[in-house]
Each structure stands twice: as C-alpha cells, then as structure tokens.
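Each chain, letter by letter, is given below.
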Amino acid sequence: VQLQASGGGLVQAGGSLRLSCAASGRTFSTYVTGWFRQAPGKEREFVAGISWSGGSTYYADSVKGRFTISRDNAKNTVYLQMNSLKPEDTAVYYCAVDLRSLVRVGKEQYEYDYWGQGTLVTVSS
C-alpha cells in the first residue's frame, strides 16, 4: 500500500483545512485508517481513526468536536476535516493503514503497517 497525504498548509487560528490520504497498490477500503501528528519536539500522537466502512470513528480528546474523519472507498481516500484550528494543532500529519483490522481502531503507532509521507499543517495565532 502506498499512501499520499496532502492538503496541509498555513492557516490562521480559527480557520479550517481538509487533509486527504490517497491510497494505491492494495484494496484500501477493507482496512482501518488513522491520522497521527507530530509536533516539533514531541512524540507522534493519534488524532483520529476510522473503520473500513466508515461506521466507527474515534478521536483524540484534543480534537473532538473540531475534527472529522471520513472516507470515500470508491476513491480510495480518507479525509480529515479540521475546523477551529488552534496553534497547538501545528504539526506534520500522517495517515496510516492497519492491515490487521477491519473495525477496531488502534491508537498506537505500532498497530499501523503503512504510513504516508506526512503533510505539514501550520496554524498561526
């Protein structure tokens, strides 16, 4: 599986961005997909995850109510809509696929098998 994350950029606090994770090379639609982020000087952390059908979604407490994860399996793409962005959301955002799970969304990096290259989100105050 090859994953391509895109959609990052510079936005003011309170603004919105939509990230995309496009997959190729394997049937993307049958696996759990997650978004993680890594801020400068910090560990990579779980942001959101979605089951293969989109029926189950999970969010880190820090983004609940502001971020929405969704997927379009026909387009082999997972999205992360980010609203009400804060400076502390500044990070490189990565998408990842868990080839061993259809429904259960893992929140740890080791549970994911393939990773995209990351896209930088910068939120100015």
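Up top is the structure.
Our subject in this report is the structure included herewith. (Residues numbered from 1 in each chain as written. Predicted model: local features only at pLDDT ≥ 70, side-chain atom pairs only at ≥ 80, totals over all residues. Heavy atoms only, no water.)

**Describing the nonpolar core**
Turning to step 1, where the next piece is worked out: In terms of nonpolar packing, the biggest core is built from 29 residues, with Trp35, Val47, Phe67, Ile69, Leu80, Met82 and Tyr93 touching the most fellow members.
Turning to step 2, where the next piece is worked out: Secondary structure elements with two or more residues in this core: strand 1 (2-6), strand 3 (17-24), strand 5 (45-50), strand 7 (67-72), strand 8 (77-82), strand 9 (91-98) and strand 11 (119-124).
Turning to step 3, where the next piece is worked out: For tyrosine 93, the residues in contact, after removing those within four places along its chain, are Ala5, Leu19, Trp35, Phe36, Arg37, Val47, Phe67, Leu80, Met82, Gly118, Thr119 and Val121.
Turning to step 4, where the next piece is worked out: In this structure, Val32, Phe36, Ala96 and Val105 belong to the second largest nonpolar core, which totals six residues. (Core = buried A, V, L, I, M, F, W, Y, C linked by side-chain atoms within 4.5 Å. Buried < 20%, exposed > 50% of the residue type's maximum accessible area, 1.4 Å probe, protein only. Helix = DSSP H or I, 4+ residues; strand = E, 2+ residues; numbered from the N terminus. Contact = heavy atoms within 4.5 Å.)

**Things to note about the packing of aromatic side chains**
Given two aromatic rings, one states the distance between the centres and the angle between the planes to describe the pair.
Turning to step 1, where the next piece is worked out: This model, assessed by the stated rule, comprises four aromatic pairs.
Turning to step 2, where the next piece is worked out: An angle of 80 degrees between the planes, with centres 5.2 Å apart, marks the rings of phenylalanine 36 and tyrosine 112 as edge-to-face. Taken together, the positions of phenylalanine 36 in strand 4 (residues 32-38) and tyrosine 112 in the loop between strand 9 and strand 10 (114-115) put the pair 76 residues apart, joining distant regions of the chain. A single burial state applies to phenylalanine 36 and to tyrosine 112, both of which are buried.
Turning to step 3, where the next piece is worked out: Aromatic rings pair up to connect Phe36, Phe46, Tyr112 and Trp115 into one cluster.
Turning to step 4, where the next piece is worked out: For the cation-ring pair, arginine 44 lies above tyrosine 94, with the distance from its terminal atom to the ring centre recorded as 3.8 Å. (Phe/Tyr/Trp six-rings, centres within 6.5 Å; stacked < 30°, edge-to-face > 60°. Lys NZ or Arg CZ within 6 Å of the ring centre and 35° of its normal.)

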